[in-house]
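# Results of the structural survey
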Amino acid sequence: MASCSRSHVISLYRMLMKESKKFPSYNFRTYALRRVKHGFRENQHVDNPRTLDMLLGQARESLALIKRQFTQGRAVLSAPIKSSMMALLSCQ
Amino acid sequence: MRTPNYLDSAPVFNRPLVARCPQDAAAALRLARRPLSALSCSRPERRSDQAWISGSLVQQCRQYGDLPPLTLENIKDRVMYVLKLYDKISPEKLQVSSHFMKDLGLDSLDQVEIIMAMEDEFGFEIPDAEAEKLMTPEEIVQYIANKKDVYE
């Protein structure tokens, strides 16, 4: 599948880093950057294509989440959004 | 005969941003203080324009903020500085021509992070296709010099 190719992984990594840098709050920003880096690094040597697909799907979902979060809740992150986002990010 | 009451009758956007510069600004002064309506009609220059200013010569000057001009040396210094700050690179082993993957032992994810740090430093986007080809600091300097039209 095309989603398993190396360049797709690299571009997903770039987009996730770019979107994570846009968080206005220091805590979320550092958490997101660290989580993205660690998440990609610990799954670096996975060979099984199914696991790869699943992981890449999770990465795309979190990218969509961060993008939505950034455009919707830009000025104020209210408490329900915060907790649901942290829950989603931490269960990956 | 019109009296030179330009400051009273001129529209707001035509008023000069004055600064007390000790430079000869006679021509600039006359040009700056002429209202728009007078520019279209061809009247002879009048020497009495400066009469209303009692003190020193004032000159219209606008100041724009800008970054210092980029030179090859400057770009190289900034690139090496950013690379030395990266914690996975030991500063002693870092040379201008050291390859990220072969000499410094980084992988492609690290290379993406380095290129993003360069984007932040220099303030412009580097597209993916060209970013994955930049493997040494020398190539990065060349690429930025090409993009920013810094002549060698």
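Let me sum up the structure you'll find in this document. (Residues numbered from 1 in each chain as written. Chains lettered and ligands numbered in written order. Predicted model: local features only at pLDDT ≥ 70, side-chain atom pairs only at ≥ 80, totals over all residues. Heavy atoms only, no water.)

### Description of the interface of chain B and chain A
- Facing 15 residues of chain B, the contacting portion of chain A comprises twelve residues.
- Of the roughly 1300 Å² buried where chain B meets chain A, counting both sides, 54% is carbon and sulfur surface.
- The tally of links from chain B across to chain A stands at nine salt bridges.
- Where Arg14 of chain A meets Glu119 of chain B, a salt bridge forms, and the shortest distance between an N and an O atom there is 2.8 Å.
- Taken together, the elements giving at least two residues each to the side of chain B that touches chain A come down to helix H5 (108-122) and helix H6 (128-131) of chain B.
- With nine residues, H5 of chain B is the single largest residue contributor to the side of chain B that touches chain A.
- For the side of chain B that touches chain A, a count of residues per class yields six nonpolar, one polar and eight charged. (Contact = heavy atoms within 4.5 Å. Buried area = accessible area lost by both parts, 1.4 Å probe. Salt bridge = Lys/Arg side-chain N within 4 Å of Asp/Glu carboxyl O. Helix = DSSP H or I, 4+ residues; strand = E, 2+ residues; numbered from the N terminus. Nonpolar A, V, L, I, M, F, W, Y, C, P; charged D, E, K, R; others polar.)

### Brief notes about the nonpolar core
- Within the largest apolar cluster, 25 residues are counted, with the highest numbers of intra-cluster contacts made by Ile75, Val79, Leu83, Ile89, Ile114, Met118 and Ile140 of chain B.
- Counting residues per element, the ones that place at least two in this core are helix H4 (72-85), H5 and helix H7 (137-147) of chain B.
- The contacts of Ile114 of chain B, once residues within four sequence positions are left out, are Leu83, Tyr86, Ile89, Phe100 and Leu106 of chain B.
- Judged by nonpolar contacts, the second largest core, of 18 residues, contains Ile10, Phe23, Leu56 and Leu63 of chain A. (Core = buried A, V, L, I, M, F, W, Y, C linked by side-chain atoms within 4.5 Å. Buried < 20%, exposed > 50% of the residue type's maximum accessible area, 1.4 Å probe, protein only.)

### Some thoughts on H4 of chain B
Residues and elements named next belong to chain B.
- An ideal rise of 1.5 Å per residue puts 20 Å on 14 residues; H4 measures up with 20 Å between its terminal C-alpha atoms.
- Along H4, the residues classified as buried are Ile75, Val79, Met80, Val82 and Leu83. Take H4 and look down its axis: the buried residues cluster within an arc of 160 degrees, on one side only. Opposite the buried face of H4, by more than 90 degrees, sit the exposed residues Tyr81 and Leu85.
- In this structure, the buried side of H4 is in contact with H5 and H7. (Expected span 1.5 Å × (residues − 1). Arc of directions from axis to C-beta.)

So far we have only geometry, and geometry alone does not tell us how the molecule works.
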